[in-house]
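Take a look at the letters that make up each chain.
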Amino acid sequence: MQKRYTVAIDLGGTNAKIALIKDEKEILSKEVFSTKDYQGREVLIKQITESVNSLLKDKKVKKTQVKALGIGVPGPVDFEKGVIYQLTNVKGWRDVPLKRILSGKLKLKVYIDNDVNLIALGEYKHGAGKGTKNMICLTLGTGVGGGLILDGRLYRGSNFTAGEVGHIPVNLQGPKCNCGGRGCLERYVGNYYLVERAKELIKGKPNSEILKLAGGRLSKISPEIIDRASKAGDKLALGIWQETGRYIGVALAGLVNVFNPERIVIGGGVALAGEVLFASIRKTVSLRAMEAPARKVKIVPAKLGDEAGLLGASILAAENS
Ligand SMILES: [Zn+2]
């Protein structure tokens, strides 16, 4: 029987997306459930197995028609063994052999990788990285993640943790970061720190557009609010994006010099700030990277949005099955 299906899972800190995908491209059906209030690992694993079985049943797809299941998780993974080293911001997931657990319960081949690696793979095959051989992917959100496609393949490193663009140090004396380092990129451009920076800048400025849009409440300030203020022409908000772009640009200039990529694809919520952010990133890269690789690289927004991770998980499953 010809196998044309894969099951893809994008496991996040707030929700899990599970999809049945045909030919690594066509999402036939999708289910989303919250992972925020789940009562632990066992409950989540049970929920996943039930969802997979019901998706297959609904679409009348037999397990013998499924190539494999691919799953992306927010944290470092031992790709070969299918063991989660740990999950970022989710407790109780240290050294969990999820591949063995899920393949035992579902009777499917299972492949697990870091979520941003799979976003990179999705964008590379079907999105903004299509047609390249060397591509770097960066995602901007609460965490700042990355993925490297080198010579047409996902590069995982010596024990599969490569691509952590968010933890490139950009300041020798910078503040401590959750990863154990200091002055990492994420410490300046992660959602939480962006918002903190905005709060600091609007101190003593009661007429600030950001504060107005937040209904006068500091606690309501978010990257979306900063974005709206900047789109309304607010100088302070525009300044935040320009500064954010300089931090990102400095880190990317280093990557451009090391890897000489053709394209850098940037996604995630903060990337929606658009041209003001991208212009600042591009300008910084052109000023700070070496001339020849800086001339070559194109820095572009991601194309696939929320679906990149699922498509990447599907590609991972198919490539390894
Ligand atoms: Zn760090």
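About the cut-offs
Just so you know, the residues in each chain are numbered from 1, in the order the chain's sequence is written. Local features are withheld for residues below a pLDDT of 70 in this predicted model, meaning they are given only at 70 or higher, and side-chain atom pairs are given and counted only at 80 or more; totals for whole chains, interfaces and linings count all residues. Hydrogens and water are ignored here; the side-chain numbers use all heavy atoms of the structure. Two strands are counted as paired when DSSP detects at least two bridges linking them. A run of DSSP states H or I qualifies as a helix once it reaches four residues; a run of E qualifies as a strand once it reaches two. Both are numbered from the N-terminal end. Working rule for contacts: check all heavy atoms of both residues, and any pair within 4.5 Å makes them a contact. Simply put, an axis is a line fit to the C-alpha atoms, just over the touching stretch for a helix, and the angle between two N-to-C directions goes from 0 to 180 degrees. Throughout this description, buried means an accessible area under 20% of the type-specific maximum (1.4 Å probe, protein chains only), exposed means over 50%, and partly exposed covers the range between. Counted as donors are N, O and S atoms no farther than 2.8 Å from the metal, or 3.2 Å for Na, K and Ca; water is not among the atoms, and sites may therefore look incomplete. Angle rules define the geometry names used: all angles between 85 and 135 degrees makes four donors tetrahedral, while opposite donors over 155 degrees apart and all other angles between 65 and 115 make four donors square planar and six octahedral, leaving every other case irregular. By convention, a stacked pair of Phe, Tyr or Trp rings (six-membered ring in the case of Trp) has centres within 6.5 Å and planes under 30 degrees apart, an edge-to-face pair has planes over 60 apart, and any other such pair is tilted. Put simply, a salt bridge is a Lys or Arg side-chain nitrogen that is within 4 Å of an Asp or Glu carboxyl oxygen.

*Asks:* Describe in detail the sheet that holds strand β12 (residues 298-301), supporting the description with residues and values.
*Replies:* Ordered in space as β10-β9-β8-β11-β12, the five strands form an open sheet in which the pairing is mixed. A single partner strand is all that each edge strand has here, and the edge strands are β10 (153-154) and β12. Relative to strand β11 (residues 263-267), strand β8 (residues 135-140) is paired through five bridges, and the arrangement is parallel. For M135, the partnering residue across the bridge sits in β11 and is R263. Each of β8, β11 and β12 is contacted by helix α9 (residues 275-288), which is oriented at about 165° to β12, the strand it contacts most.

*Asks:* I'd like a description of the environment of L108, backed by residues and values.
*Replies:* Mapped onto the elements of the fold, L108 is located in the loop between α2 (98-106) and β7 (110-114). Overall, the relative accessible area of 6% leaves L108 in the buried class. Residues L108 and R288, 180 residues apart in the sequence, show an inter-C-alpha distance of 48 Å. Setting aside its immediate chain neighbours within four residues, L108 contacts V52, K63, V66, L69 and S103.

*Asks:* Account for the coordination of the zinc ion, with residues named and values stated.
*Replies:* Expected angles at a metal are 109.5 degrees for tetrahedral coordination by four donors and either 90 or 180 degrees for octahedral coordination by six donors. Within the protein, H167 (ND1), C177 (SG), C179 (SG) and C184 (SG) serve as the donor atoms for the zinc ion, at 2.0 to 2.3 Å. Coordination at the zinc ion comes from four donor atoms whose angles at the metal span 105 to 120°, giving a geometry best classed as tetrahedral.

*Asks:* Describe the packing of aromatic side chains, naming the residues involved and giving the relevant values.
*Replies:* Counted according to the given criterion, the structure contains three aromatic pairs. Relative to Y247, the ring of Y188 has its centre 4.3 Å away and its plane inclined at 20°; by these criteria the two rings are stacked. A residue pair is termed long-range when its members are at least 10 positions apart, and Y188 in helix α4 (residues 186-189) and Y247 in helix α8 (residues 235-259) qualify at 59 residues. Take Y188: its relative accessible area is 16%, and that puts it in the buried class.

*Asks:* I'd like a description of the sheet that holds strand β4 (residues 66-73), backed by residues and values.
*Replies:* Reading across from one edge, β3-β2-β1-β4-β7 is the order of the five strands in this open sheet, with mixed pairing throughout. Here the strands that pair on one side only, and so sit at the sheet edges, are β3 (26-34) and β7. Direction aside, the axes of adjacent strands within the sheet are offset by 15° on average. Examined bridge by bridge, β4 and β7 share five bridges and lie parallel to one another. Note that in β7 the partner of G72 across the bridge is D113.

*Asks:* Now, about the pattern of salt bridges: what can you tell me, with residues and values included?
*Replies:* Pairing is possible between side chains of opposite charge, provided their charged atoms come close. Evaluated as defined, the whole model comprises 14 salt bridges. Across the pair D113 and R156 runs a salt bridge whose closest N-O atoms are separated by 2.8 Å. Taken together, the residues D113 in strand β7 and R156 in the loop between β10 and α4 connect sequence positions 43 residues apart. Between D227 and K231 there is a salt bridge, with its nearest N and O atoms 3.1 Å apart. One end of the pair, D227, and the other, K231, are both in helix α7 (residues 223-231), four residues apart, so they sit about a helical turn from each other. Among the residues examined, D227 registers a relative accessible area of 14% and is labelled buried. Taken together, the salt bridges that share partners define one network made up of R197, E200 and E243.

Note that all results are geometric; they support no functional claim without further evidence.
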